[in-house]
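Residue-level structure breakdown
Chain residues, written in single-letter form:
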Amino acid sequence: MTNILISGSSIAGATLAYWLRHHGFSTTVVERTPGLRPGGQAIDVRGAALTVAERMGVLDEMRGLRTTWRGMSMLDGDGNEVMRDTEGTYSGGRFDSGDVELLKEDLTRIVHDRARDGVEYLFDDTVTSIGQDGEVTFENSPPRRFDLVIGADGLHSTVRRLAFGDESGFIHHLGMHLCIFTMDNILDLENWQIWLRDGDAGLGLFPVRDNTQLKVNLGFYKERLDYDYRDLDQQRRLVAEHCGGLRWEAPRLLEAMWKAPDFYFDSMAQIRMPSWSKGRVALVGDAGYCASPLSGQGTSLAMVGAYVLAEELGRSPEGAFDRYESRMRPFVEANQALALENPGGPASDESVAKAKNAITL
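Each residue is numbered by its place in its chain's sequence as written, counting from 1. Where totals are concerned, whole chains, interfaces and linings use all residues; where local detail is concerned, this predicted model gives features only for residues with pLDDT of at least 70, and gives and counts side-chain atom pairs only at 80 or more. Note: side-chain values were computed over all heavy atoms of the structure, leaving out hydrogens and water.

A few points about the side chain of His 156
Locating His 156 in the fold gives a position in the loop between β11 (148-151) and α5 (158-164). For each residue, the accessible area found with a 1.4 Å probe, counting protein chains only, is set against the maximum for its type, and the residue is called buried under 20%, exposed over 50%, and partly exposed in between. Classification of His 156 as buried rests on a relative accessible area of 13%. Contacts described as polar in this section are N or O atom pairs within 3.5 Å, which, within protein, must combine one atom able to donate a hydrogen with one able to accept it, while residues neighboring in sequence count only if both atoms come from side chains. A polar atom in the side chain of His 156 sits 2.9 Å from the side chain of Glu 167. Sequence-distant contacts of His 156, that is, excluding residues within four places in its chain, are made with Glu 167, Tyr 229 and Asp 266. Only runs of H or I of at least four residues qualify as helices and only runs of E of at least two qualify as strands under DSSP, and these elements are numbered from the N terminus. Contacts are assigned to residue pairs that have any heavy atoms within 4.5 Å of one another.

Concerning the packing of helix α1 (residues 11-22) against helix α9 (residues 298-315)
A fitted line through C-alpha atoms serves as each axis, taken over the contacting stretch for helices, and the angle formed by two N-to-C directions is quoted from 0 to 180°. Where α1 contacts α9, the axes come no closer than 8 Å and their chain directions differ by 25 degrees. On the basis of their axis angle, the class for α1 and α9 is roughly parallel. Note on packing geometry: the crossing formed by α1 with α9 is right-handed. The residues of α9 that touch α1, namely those facing Ile 11, Ala 12, Thr 15, Leu 16, Trp 19 and Leu 20, are Thr 299, Ala 302, Met 303, Ala 306, Tyr 307, Leu 309, Ala 310 and Leu 313. These descriptions rest on fixed angle ranges, namely under 35 degrees for roughly parallel, over 145 for roughly antiparallel, 65 to 115 for roughly perpendicular, and the rest for oblique. Crossing chirality is assigned from the near helix's rotation relative to the far helix, an anticlockwise turn below a right angle marking it left-handed and a clockwise turn marking it right-handed.

A closer look at the pairing of strand β12 (residues 171-184)
Two elements, β12 and strand β16 (residues 264-271), share 8 bridges in a ladder whose sense is antiparallel. In the strand pairing of β16, Met 176 is matched with Met 268. Pairing geometry for β12 and strand β15 (residues 213-221), over 9 bridges, is antiparallel. In the sheet register, Asp 184 faces β15, and the bridge partner there is Gln 213. In this description, strands pair whenever DSSP reports at least two bridges between them.

Observations concerning the sheet that holds strand β4 (residues 71-75)
The 7 strands are arranged β5-β4-β13-β14-β15-β12-β16 in an open sheet whose pairing can be described as mixed. Here the strands that pair on one side only, and so sit at the sheet edges, are β5 (81-85) and β16. For this sheet, the mean angle separating the axes of adjacent strands, direction not counted, is 20 degrees. As paired elements, β4 and β5 share 4 bridges and run antiparallel to each other.

Details of the nonpolar core
Core analysis: the biggest nonpolar cluster contains 77 residues, and Met 62, Val 284 and Met 328 have the highest contact counts within it. Broken down by element, the residue count for this core peaks at 10 residues, all from α9. Ignoring any residue separated from it by four or fewer positions in sequence, one finds Val 284 in contact with Ala 12, Leu 16, Ile 150, Gly 151, Ala 152, Tyr 289, Ala 302, Gly 305, Ala 306, Leu 309 and Tyr 324. Residues enter a nonpolar core if they are buried and are Ala, Val, Leu, Ile, Met, Phe, Trp, Tyr or Cys, with the set joined through side-chain atoms within 4.5 Å.

Considering helix α7 (residues 250-257)
Residues of α7 that are buried: Ala 250, Leu 253, Leu 254, Ala 256 and Met 257. One face of α7 carries all of its buried residues, which in axial projection span an arc of 160 degrees. Buried residues along α7 sit against β12, β14 (201-208), β15 and α6 (232-243). It is the directions from the helix axis to the C-beta atoms that the arc portrays.

Now the structure itself:
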């Protein structure tokens, strides 16, 4: 039986684990964190990814956890409403599209619960080397041999670095940086989003968990910054520096940022590679073709990519990586283009509709 290691237990890794098990592979997942990662944005599952969710048997549960926002307000720098919209954003989707919008942490849990039976998990560990003979060494676990290694470990993929080299050759920054974290709903927002932009910085707020909590977005425009993506306090200082001039409720949000246990920060960037495989190693999701949150399609790319890769391996491991890439690359390129069409704003409805269905499963 082919023995496969997946690095990363988020949506791409868990979806891949489920489908590899479905196709009869022995599967191990290694994850750097002690458990499932909390926090994250509200994400959209669209187009072909809905087909993957339905075939996994999780679509109804996802729909039951859809967001329930009634609309949004845009504020000026002093917190005065300048525009409101009750059509572009509404409960669980957009523009009568059939999309499902839910919190990333909810989808991660749903997919993990579906995938965990029959899959070995190594939490609080990470890959440190990948040998040409299939031997993999870990930070904490003893070395083991795997037939294939799949990197599903995100924008700053360890597997990609070990197999393909430093990320500087593949990452393309889009000139924006964003953090997100959770705090108490100090504004008593009820199913309503707030967005504010002032100069090169801005914020977004939306209530979650029956309006008891807020998801806070703080972001700013800036070319590439050098920072340690594992040093959270350094990242908090960057956010405080670049968003410190925001007014309205921003000082209270920045204060809460320092206490948030699920703080996340990164640049808006894409990964573009001439190939997603090398020898025994392949990449899936953000590790191989991050489209950035600006595309609105990262989750869908992760789920569809995992499904296609597992399906091709199930047909035959011989040549599977090439077939996977041949099927996925047009879909990836169409969805990465969404983030570039209107930087800082939404892509056109026509482009979104074309991109989200640019593959047949």
